[in-house]
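# Topology and contacts: notes
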Amino acid sequence: MNILLLGSGGRESALATSLAASPRCDTLYVAPGNGGTAAFATNVELDILDGPAIADFATDHDCELVVVGPEAPLVAGIADDVREAGIDCFGPGAAGARLEGSKDFSKQLMKKYDLPTAASETFTDEESAAAYVREQGAPIVVKADGLAAGKGVTVAVTQDEALSAVHDCFSGKFGDSGTTVVIEEMMHGPECSILAVTDGTTVLPMAPSQDHKRAREGDTGPNTGGMGAYSPVPIVTDGEYESMIDTVQRAVVGLHDEEIDYRGMLYAGFMLTDEGPKLLEFNVRFGDPETQAVLPRLQTDLVDVMLAASRRELHHITLDWSPQWAVTVVLASGGYPGSYETGYEITGIEDAAACEGVTVYHAGTKLEDGKVLTAGGRVLNVTALGDTFDQARDRAYEACDLIDFKDKYLRRDIGARAAKGRSAWED
């Protein structure tokens, strides 16, 4: 069959790699794609927020499956338009996508269905929000309600930092996404993500993963879209894993009770607190860069999984996993997530990809005159598989050192904390 994948980042590069590897995939179109997907798929120029245009392209090119990578098209209702055209789509419609499109909606669902999460309040004006911050004190977490490319959350250590974050939201830093603000208590513990495929009834959890959101080593600096990840997560106990899966399953039941047709990926971010795993957030798509660490370990055909979810036939599917560990490291443009320059030639990708167990996923890249150039903040994901956690980490960093471009930046401590065990979070 022909398949259309929407998106251009490292997540989409990983998805495209797995989709193209399926014997069921004939032609893979990626809109708009990047410098990496161009090597094995057909990149096409499409407005991925234009539902009718996406549906028309899929119809005209005999695509039997559309896969929506990023959150913005899902919030815009692209999946609804594709399904109305009679084409299978992996991704929830606009109603379900509100789980990520509105943090307030998500928190209200958590509260209604008694899902474990932090206490919170929602505000629509700066004065009330600031007064609440002064009342509660710090540390505290300030979240812009809408989509902000992973940068709308501030974990404020001081009251002044929290007040500044509130002001940023209401002053227009995040556009309409900041006109409503969710402020919640600070939870403590390591984070863990569960990606779960669902058809609205059946839930198939994928292997757990752990992202590194902060830009700098030692989990310092501003939040980013993610600087690296690994899977599975060695510090998660069997009891915690079962608790997280139970929470995700109850969330799907809640969505069903709300009469929301949810088919696709449900990403649940957790904090592993002393009181058990508590929800930080829901996302409605594959995580980035978690996908780059999870999909290389998946041995079940991804096309089969996505079609089954789209057709409400997920009960026929079993997910099989490689026993190997996976570590992915983001190579970013210097200055990310702030201002940075692009257009620099990248060398060494082929040498890195030739290393044992290594795959290089493109994110912010483009092809120009036969050269691969930087074209974004997060440029590449270097993923390595290994028989042990340490072997996977060593392989990833060895491959990272073979790649070069001007102002290349990476965190050198991806997975280092987890390698020390749970006690590393108790310091």
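Structure's up top.
I will try to describe carefully the structure that is included in this document. As the structure is a prediction and not an experimental result, all values here were calculated from the model.

## Some thoughts on the pairing of strand β10 (residues 191-198)
- Extensive coverage of β10 is indicated by the burial of 7 of its 8 residues.
- Pairing of β10 with strand β11 (residues 203-205) involves 3 bridges; the strand directions are antiparallel. Looking across to β11, one finds that threonine 198 is bridged to valine 203.
- Taking the residues between adjacent antiparallel strands as the criterion, β10 and β11 are bridged by 4 residues, where glycine 200 takes a positive phi near 100 degrees.

## Considering the packing of aromatic side chains
- The full count for this structure, using the stated rule, is 6 aromatic pairs.
- Relative to tyrosine 132, the ring of phenylalanine 123 has its centre 5.1 Å away and its plane inclined at 45 degrees; by these criteria the two rings are tilted.
- Taking the relative accessible area as the measure of exposure, phenylalanine 123 reaches 12% and is therefore buried.
- Following the ring pairs from residue to residue traces out a cluster consisting of Tyr230, Trp325 and Phe389.
- Just above the ring of tyrosine 409 sits the side chain of arginine 216; from NZ or CZ to the centre is 4.8 Å.
- Lying across the ring of tyrosine 267, arginine 285 places its NZ or CZ 5.9 Å from the centre.

## Some thoughts on the nonpolar core
- Ranked by internal contacts, the top residues of the largest apolar core, which has 75 residues, are Leu4, Leu6, Val66, Leu99, Phe282 and Ile403.
- Apart from the residues within four sequence positions on either side, isoleucine 403 is in contact with Leu331, Ile346, Thr347, Gly348, Ile349, Ala352, Val360, Leu380, Val382 and Lys408.
- By size, the runner-up hydrophobic cluster in this structure holds 35 residues, among which are Leu28, Val294, Leu319 and Tyr361.

## Focus: helix α8 (residues 159-170)
- Taking 1.5 Å as the rise per residue, α8 with 12 residues should run 16 Å; its terminal C-alpha atoms sit 17 Å apart, in good agreement.
- Turning to α8, its buried residues are Ala162, Leu163, Ala165, Val166 and Cys169. In an axial view of α8, the angular spread of the buried residues amounts to 155 degrees, which keeps them on one side of the axis.
- Contacts from the buried residues of α8 go to α7 (126-136), β7 (140-144), β8 (153-156) and β9 (181-185).
- Remark: glycine 172 follows α8 within two positions and exhibits a positive phi of approximately 100 degrees.

Thresholds applied
- Residues numbered from 1 in each chain as written.
- Predicted model: local features only at pLDDT ≥ 70, side-chain atom pairs only at ≥ 80, totals over all residues.
- Heavy atoms only, no water.
- Buried < 20%, exposed > 50% of the residue type's maximum accessible area, 1.4 Å probe, protein only.
- Helix = DSSP H or I, 4+ residues; strand = E, 2+ residues; numbered from the N terminus.
- Pairing = 2+ DSSP bridges.
- Phe/Tyr/Trp six-rings, centres within 6.5 Å; stacked < 30°, edge-to-face > 60°.
- Lys NZ or Arg CZ within 6 Å of the ring centre and 35° of its normal.
- Core = buried A, V, L, I, M, F, W, Y, C linked by side-chain atoms within 4.5 Å.
- Contact = heavy atoms within 4.5 Å.
- Expected span 1.5 Å × (residues − 1).
- Arc of directions from axis to C-beta.

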